[in-house]
Amino acid sequence: KAGVTQTPRYLIKTRGQQVTLSCSPISGHRSVSWYQQTPGQGLQFLFEYFSETQRNKGNFPGRFSGRQFSNSRSEMNVSTLELGDSALYLCASSLEGAGGQYGYTFGSGTRLTVV
Amino acid sequence: AQSVTQLGSHVSVSEGALVLLRCNYSSSVPPYLFWYVQYPNQGLQLLLKYTTGATLVKGINGFEAEFKKSETSFHLTKPSAHMSDAAEYFCAVSLNQAGTALIFGKGTTLSVSS
């Protein structure tokens, strides 16, 4: 079956712009989480959505937002981009929101470069 | 606050040697614990997870980990390293009892030489 699909794979944006990243979870998975990966900070949790509701949120500024649609697809948005937002953004999905029971399946990520 | 410490950012072994990657966590409640592997330019792949029950957990590709509550450790081992095991490995703990919102360690890069 198809895995977690993230689009686009690569993105270059200018400081001050905004960006939207997309994630399609595995069919049947209703939980979607987003993580930011940078060389300095490592992997950091952004937020988690389950059945269109945000259940958990990490320690990121309000410029980072997300949403989940009724088909479980999710988008995250970053407004007013800063150089420090350059990172690999990973999306992960899980069955029934029980990541502890089933683990997460990660996508290959979107590599965002802010110039 | 929960945190994960991976001792050693880089571990080098010879092919056929034992692999030991160390992970310690701090948690006020019994945690969900995970090991993930990341190959270059790819996402993370789940190796194994501990939820409840047996403390020795077997995962994919011959890896296993033992949950030791008294030591707050969840070290990853593999009896015999293979060249294809070269990758970055991440230990993670959940922020809540649903097992979501993972906190990751900084990662350990495993190099395997022939």
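Here, the structure is the one placed above.
Computed from a predicted model, the values in this text were never measured in an experiment.

Novice: Can you help me understand the sheet that holds strand 6 (residues 56-58) of chain B in this one?
Specialist: Pairing between the strands of a sheet comes from backbone hydrogen bonds, and it takes one of two forms, parallel or antiparallel. Residues and elements named next belong to chain B. Spatial strand order, 1-3-8-7-6: five strands in an open sheet with antiparallel pairing. Of all strands in the sheet, those with a lone pairing partner are strand 1 (3-7) and strand 6, marking the two edges. Each strand axis lies, on average, 20° off the axis of its neighbour in the sheet, ignoring direction. Where strand 3 (residues 19-26) meets strand 8 (residues 73-78), four bridges bridge the pair, whose relative direction is antiparallel. Its bridge partner being in strand 8, Leu-20 is matched across the sheet by Thr-77.

Novice: Explain the nonpolar core here, please?
Specialist: It is characteristic of soluble globular proteins that their nonpolar side chains tend to be buried jointly. Counting 26 residues, the largest nonpolar core has Trp35(B), Leu47(B), Leu48(B), Phe74(B), Leu76(B) and Tyr89(B) as the members making the most contacts within it. Taken together, the elements giving at least two residues each to this core come down to strand 2 (10-14), strand 3, strand 4 (33-38), strand 5 (44-50), strand 7 (64-68), strand 8, strand 9 (87-94) and strand 11 (108-113) of chain B. If you look at the next biggest cluster of nonpolar residues, it comprises 21 residues, including Leu46(A), Phe47(A), Leu81(A) and Val114(A).

Novice: I tried to follow the pattern of salt bridges on my own but got confused; where do I start?
Specialist: Two side chains with opposite charge may pair up if their charged atoms get near one another. All chains considered together, the criterion is met by seven salt bridges over all chains. A salt bridge links Glu48(A) to Arg55(A); its shortest N-O distance comes to 2.7 Å. For Glu48(A), a relative accessible area of 0% puts it in the buried group. Its salt-bridge partner being Asp85(B), residue Lys78(B) comes within 2.8 Å of it at the nearest N-O pair. Accessibility classification places Lys78(B) together with Asp85(B) in one group, the buried group. Counted as one network, the salt bridges with shared partners bring together Arg63(A), Glu82(A) and Asp85(A).

Novice: I would appreciate a short explanation of unusual backbone geometry in the present structure.
Specialist: Working note: non-glycine residues mostly have negative phi, and peptide bonds are mostly trans. Of note, the amide linkage connecting Thr7(A) to Pro8(A) takes the cis form, showing an omega dihedral of -10°. Turning to its location among the elements, Pro8(A) is positioned in the loop between strand 1 (5-7) and strand 2 (10-13). Phi at Ser51(A) takes a positive value of approximately 50°, unusual for a residue other than glycine. Inspection of the secondary structure puts Ser51(A) in the loop between strand 5 (42-50) and strand 6 (53-57). For Ser51(A), a relative accessible area of 34% puts it in the partly exposed group. Look at Asn41(B): it is not a glycine, yet its phi comes out positive at around 60°. By the element assignment, Asn41(B) lies in the loop between strand 4 and strand 5.

The rules we used
Residues numbered from 1 in each chain as written. Chains lettered and ligands numbered in written order. Predicted model: local features only at pLDDT ≥ 70, side-chain atom pairs only at ≥ 80, totals over all residues. Heavy atoms only, no water. Pairing = 2+ DSSP bridges. Helix = DSSP H or I, 4+ residues; strand = E, 2+ residues; numbered from the N terminus. Axes fitted to C-alpha atoms, helices over the stretch in contact; angles between N-to-C directions. Core = buried A, V, L, I, M, F, W, Y, C linked by side-chain atoms within 4.5 Å. Buried < 20%, exposed > 50% of the residue type's maximum accessible area, 1.4 Å probe, protein only. Salt bridge = Lys/Arg side-chain N within 4 Å of Asp/Glu carboxyl O.

Keep in mind that these numbers describe shape and distance, not what the molecule does.
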